[in-house]
Amino acid sequence: MKGGKSRAAAPKRSDTKLKTKSVGASKPAKKAGKDPNKPKRPASAFFVFMEEFREKYKKEHPNNKSVAAVGKAGGEKWKSLSDAEKAPYQAKAEKRKVEYNKNMDVYNKKQVSDSVLIVNLCISCNFRGLFLRVAFWLCTIG
């Protein structure tokens, strides 16, 4: 070959930007685990509709195993419904939302009472270190 060196013979340059770490970089903080006792959020009117639509669709199309096809057909059907036809689903969704809010109030009151109990226990037993750890934990989950 005429000219310069081949690429294979050229010395490799190391990319210094990839190897350097920023001074303040550290591992990201871990998220607090999900509480299994926390009530699940209620379904929207569309998802209430989809619960019924899936059953009807499976009866009409027993050989169809595609989740995407069911979702697409359900979305198209939901868009074609009038407000009057959507009203029963919206009412069911609203009823579920009211029930969810009641359950969340009970859940939150229990969380607060448990937290106060732990803090009072730490103070009464004079566990300053434990109190600080519990206070930090309460700040992270709240």
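Residues numbered from 1 in each chain as written. Predicted model: local features only at pLDDT ≥ 70, side-chain atom pairs only at ≥ 80, totals over all residues. Heavy atoms only, no water.

A. Summary view of the overall build of the protein. The helix and strand tally for the protein stands at 5 helices and 0 strands. Along the protein, helices and strands appear, N-terminal first, in the series α-α-α-α-α. Considering the protein as a whole, with its 142 residues, one finds that 15% of them fall into the buried category. For the protein, the proportion of contacts with a sequence separation of at least 24, taken over those separated by at least 6, is 64%. (Helix = DSSP H or I, 4+ residues; strand = E, 2+ residues; numbered from the N terminus. Buried < 20%, exposed > 50% of the residue type's maximum accessible area, 1.4 Å probe, protein only. Contact = heavy atoms within 4.5 Å.)

B. Representation of the side chain of K86 within the structure. For K86, the position within the fold is in helix α4 (residues 83-124). D83 provides the closest opposite charge to the buried, unpaired K86, separated from it by 4.9 Å. When residues no more than four places from it in sequence are discounted, the contact partners of K86 are W78 and L81. (Lys, Arg positive; Asp, Glu negative; His and termini not counted. Salt bridge = Lys/Arg side-chain N within 4 Å of Asp/Glu carboxyl O.)

C. Examining the pattern of salt bridges more closely. What the rule picks out here adds up to 2 salt bridges. E51 is paired through a salt bridge with R96; the nearest N and O atoms lie 3.1 Å apart. Placement of the pair is E51 in helix α2 (residues 45-60) and R96 in helix α4, with a sequence separation of 45 residues. You can call E51 partly exposed: its relative accessible area is 34%.

D. Expanded view of the nonpolar core. Membership of the largest hydrophobic core is limited to 11 residues, which are A45, V48, F49, M50, F53, Y57, V70, W78, L81, Y89 and A93. Here this core takes 6 residues from α2, the largest share from any one element. (Core = buried A, V, L, I, M, F, W, Y, C linked by side-chain atoms within 4.5 Å.)

E. Layout of the packing of aromatic side chains. Under the criterion given, the structure shown has 8 aromatic pairs. Look at F49 and Y89: their rings are 5.3 Å apart centre to centre, the planes differ by 80°, and that puts the pair in the edge-to-face class. Taken as a pair, F49 in helix α2 and Y89 in helix α4 lie far apart in primary sequence, 40 residues in all. Under the relative-accessibility criterion, F49 is labelled buried at 4%. Of the residues examined, Y89 reaches a relative accessible area of 12% and is grouped as buried. In textbook terms, an aromatic cluster arises when at least three aromatic residues are bridged by ring pairs, as seen for F46, F47, F49, F53, Y57, W78 and Y89. (Phe/Tyr/Trp six-rings, centres within 6.5 Å; stacked < 30°, edge-to-face > 60°.)

F. Quick peek at the environment of K95. Structurally, K95 is set in helix α4. The exposure class of K95 is exposed, given its relative accessible area of 64%. Separated by 53 residues in sequence, K95 and P42 place their C-alpha atoms 9.2 Å apart.

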